[in-house]
Amino acid sequence: MSKQDTPLTGDALIKEVCRRIRVARSYWDAHNNAACRGERDRALALYNTLSKEQKEQIPQVLRVWLRYRSEKYFGAHRTPPKSARKSNL
């Protein structure tokens, strides 16, 4: 993937937030927690840049999953993921 030169605005930003939430949900359904956590963080960062009117344009199902349900599993109160396992040889 290539990085964009210009930041997203307007409808493109809303569409990208929805896309990232859906990708995070698909990772969640596939039990891929590490990928889900990363994608959710990216979606949440973009979501926090939206105005109140723009946030209302995102479907409620996606907003609920991003803010509440996923917070239960990925919130700051949870134990952070561990680093790669070290072998004992």
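Data block above holds the structure.
In this report, we go over the structure that sits alongside the text. The structure presented is a predicted model; accordingly, all values stated were derived computationally and were not measured.

### Concerning the environment of Ser26
When you line up the elements, Ser26 lands in helix 1 (residues 10-29). Sequence separation of Ser26 and Cys36 is 10 residues, and the distance between their C-alpha atoms is 8.0 Å.

### Re the side chain of Arg20
On the secondary structure map, Arg20 appears in helix 1. A distance of 2.6 Å separates polar atoms of two side chains, one belonging to Arg20 and the other to Glu39. Look past the residues within four positions of Arg20 in its chain and what remains in contact with it is Glu39, Arg42, Ala43 and Leu46.

### Description of the nonpolar core
One finds Val17, Ile21, Cys36, Tyr47, Leu50, Ile58 and Trp65 to be the most contacted residues of the largest nonpolar core, which totals 16 residues. Broken down by secondary-structure element, the contributors of at least two residues to this core are helix 1, helix 2 (33-47) and helix 4 (60-74). Among the elements that take part in this core, helix 1 stands out by supplying 7 residues, more than any other. Contact partners of Val17, with chain neighbours within four places excluded, come to Ala43, Leu46, Tyr47, Leu50 and Ile58.

### A short note on unusual backbone geometry
Of note in this structure, His31 is not a glycine but carries a positive phi near 60 degrees. Counting through the fold element by element, His31 comes out in the loop between helix 1 and helix 2. You can call His31 exposed: its relative accessible area is 71%.

How each quantity is defined
- Residues numbered from 1 in each chain as written.
- Predicted model: local features only at pLDDT ≥ 70, side-chain atom pairs only at ≥ 80, totals over all residues.
- Heavy atoms only, no water.
- Helix = DSSP H or I, 4+ residues; strand = E, 2+ residues; numbered from the N terminus.
- Polar contact = N/O pair within 3.5 Å; in protein donor to acceptor, adjacent residues only side chain to side chain.
- Contact = heavy atoms within 4.5 Å.
- Core = buried A, V, L, I, M, F, W, Y, C linked by side-chain atoms within 4.5 Å.
- Buried < 20%, exposed > 50% of the residue type's maximum accessible area, 1.4 Å probe, protein only.

Keep in mind that these numbers describe shape and distance, not what the molecule does.
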